[in-house]
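Overview (structure and organization)
If you want the building blocks of each chain, they are given just below.
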Amino acid sequence: MNEDKLIKVLFAFHSDALEEWTIETLWCETVDQEKGHYKIENIPFYAPFAYNDLVFAEYDENEGMLTYRETVAFSGHSTIQVVLMDKEASSTNEIITMLEALGAEIEKFSDGYFVIDISPNLNYKPINDKLKNLAEKEIIDYAESCLDDQHQFQIT
């Protein structure tokens, strides 16, 4: 990734969790500026997109910045959002360490909230099994905000 090619792109979307329209800005790599193609370079905290998705964005006068318009190509990555519900039972860092041992890439937002990137070559089932187990024990709650078809197939 060339740091010089990174640019912030605004994503506006309806959040089911917040039950309202919201925005998030994501770092994107310029792939083809003429075509308006950008590749997402970080794990979205709230937006229902995934790392490495290729998107079309254009400058929006009202927003004053590049703004997402549509997804050009899905990357095969999945994004999972996790909230720690029982801080007595486990810590955010303990859960992160356990999931990273299974091959997940994780970005921590705060103590009690983090997002997981599941790469296309990673089997989601073992990670999903751990998440389900922790959710059943009411230690965490989680949402599959952007689940690729191949990862969906692994857990059905």
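Use the structure listed above.
So, the pairing of strand S5 (residues 65-73)
The side chains of a regular strand alternate between both faces of the sheet. Across seven bridges, the pairing between strand S4 (residues 54-60) and S5 is antiparallel. Paired with Glu58 across the two strands is Thr67, which belongs to S5. Counted along the chain from S4 to the antiparallel partner S5, the turn is four residues long, and its residue Gly64 has a positive phi close to 75 degrees.

Description of the sheet that holds strand S7 (residues 105-110)
Strand order in the open sheet made by the four strands is S7-S8-S6-S9, with antiparallel pairing throughout. Looking along the sheet, the strands with just one partner apiece sit at the ends: S7 and strand S9 (140-146). For this sheet, the mean angle separating the axes of adjacent strands, direction not counted, is 20 degrees. Note: strand S6 (residues 78-84) against S9, five bridges, orientation antiparallel. Paired with Val83 across the two strands is Asp141, which belongs to S9. The strands that helix H1 (residues 92-100) touches are S6, S7, strand S8 (113-118) and S9; relative to S7, the one it contacts most, it runs at about 165 degrees.

Cut-offs used in this document
- Residues numbered from 1 in each chain as written.
- Predicted model: local features only at pLDDT ≥ 70, side-chain atom pairs only at ≥ 80, totals over all residues.
- Heavy atoms only, no water.
- Pairing = 2+ DSSP bridges.
- Helix = DSSP H or I, 4+ residues; strand = E, 2+ residues; numbered from the N terminus.
- Axes fitted to C-alpha atoms, helices over the stretch in contact; angles between N-to-C directions.
- Contact = heavy atoms within 4.5 Å.

Honestly, that's just the spatial picture; any functional story needs more than this.
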